[in-house]
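Residue-level listing of the chains:
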Amino acid sequence: MQKQALGIVFSLLLLVTFIGAAPHVGAAIFSLKRSLAATFTSRALPRPVRFQEREGRGLLVDVWINDVGPYVFAIDTGAGATIIAPRVAAQARVEPTARESQITGLSGRGIVTGTHARISKLAIGDADNFLPAEGAVIIAPLPRGLDGILDPTEAFWPLNYVIDMPAGELCALDGEEAFARSREMTVVRWLPDAQGRRPFVRLANGQRALLDTGSGLGLAVNSAAARRLGIEPPADGPTDAVLRDLGGGGINARRIAPATIALGTMLLRNVPTDFLYGVEAQTPVLLGRDALRPFRLYFYARERLIRIEVPTDG
């Protein structure tokens, strides 16, 4: 069986000020623009859709499976797969295969078993706004209030896409996006992921971090990562609240003083930061929704690049 580590779906509901970064526009931007300019001129792109953030559930969008819906899915860049609840699979007549995967969350303790399946149609926002997904999904139990988890990298593939956090919009990229919209921006490498195409990036100190819209955390670090980033651990230990992940395992997290980190050519100040207890030592650094909320995020999955900018177009 193949084990897949999936993003957490919960929210800490803490508001911390986030200050933008130093301006820089590098040569890589213009090289990227040239390579993408004619990518999708011969095909119709899916229309942009709006999403809404909901407490405890994440970035929510309406989804239709095999023309049945709408269902409520959470947009989760850290999932590694699109997941649908068994009830949705039955209603949409999604036939499972014999292949199974063990699915775990951030704690690494709770595990559920998912069954691989294929769908013929996937639409978001409207019943006729189809994505070019190849059809691979996983059927697995999900937290109450969610019908599915949409991994946009897998659902949009082979298209690139953008998640505009301030505007609450998800859309495909046409290769001619306005590269001069913001002077507060950077382009970073999309690092390889042994488990799929999840968007890992490298911080300036060399650590890998996962851009995870399925997590309501900010910059989430365990004790080892905190030491490497120069972040002071809290003196008073974990809170009493236990956060449940997708696999049913539990962790404790404490919101601590905001951190300053460098990502590409951007210096991010006052980043909402969470210290994690009860997670495995190899747990990656996460940049969850509280850290990503100020940004428009461009995901160039085929080119293995990610563009991060502070929108200035209102």
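A brief look at the structure comes next. Within every chain, residues take consecutive numbers counted from 1 along the sequence as written. Reporting in this predicted model follows two pLDDT cut-offs: at least 70 for local features of residues, and 80 or more for side-chain atom pairs to be given and counted; totals over whole chains, interfaces and linings ignore these cut-offs and use all residues. Hydrogens and waters are ignored; side-chain quantities use all the structure's heavy atoms.

1. Some thoughts on the overall build of the chain
Logical step 1: Helix and strand labels come from DSSP, where a helix needs a run of H or I of at least four residues and a strand needs a run of E of at least two; each type is numbered from the N terminus. When helices and strands are tallied, the chain shows five helices and 26 strands.
Logical step 2: Only protein chains enter the accessibility calculation, which uses a 1.4 Å probe. A residue is then buried if its area is under 20% of the maximum for its type, exposed if over 50%, and partly exposed in between. Relative to its 314 residues, the chain shows a buried fraction of 56%.
Logical step 3: Residue contacts follow a heavy-atom distance rule, with two residues in contact if any of their heavy atoms lie within 4.5 Å. Sequence-distant contacts in the chain: of pairs separated by 6 or more residues, those separated by 24 or more amount to 70%.
Logical step 4: For the area figures, the Shrake-Rupley method with a 1.4 Å probe applies, and any residue is considered shielded solely by the protein chains shown. Total accessible area on the chain stands at roughly 13200 Å², and carbon and sulfur atoms take up 51% of it.

2. Notes on the pattern of salt bridges
Logical step 1: Here a salt bridge means any side-chain nitrogen of Lys or Arg lying within 4 Å of a carboxyl oxygen belonging to Asp or Glu. For the structure on display, the rule yields 15 salt bridges.
Logical step 2: The salt bridge involving aspartate 128 is made with arginine 47; its shortest N-O contact spans 2.8 Å. Residue aspartate 128 is found in the loop between strand S10 (122-124) and strand S11 (136-139), and its partner arginine 47 is found in the loop between helix H1 (27-36) and strand S3 (49-50); the two are separated by 81 residues along the sequence.
Logical step 3: Taking the relative accessible area as the measure of exposure, arginine 47 reaches 38% and is therefore partly exposed.
Logical step 4: Notably, a salt bridge pairs arginine 296 with aspartate 164, separated by 2.9 Å at the nearest N-O pair. Of this pair, arginine 296 sits in strand S25 (residues 296-300) while aspartate 164 sits in strand S13 (residues 161-164), placing them 132 residues apart in sequence.
Logical step 5: Arginine 296 gets classed as buried once you look at its relative accessible area, which sits at 5%.
Logical step 6: The class for aspartate 164 is buried, based on a relative accessible area of 8%.

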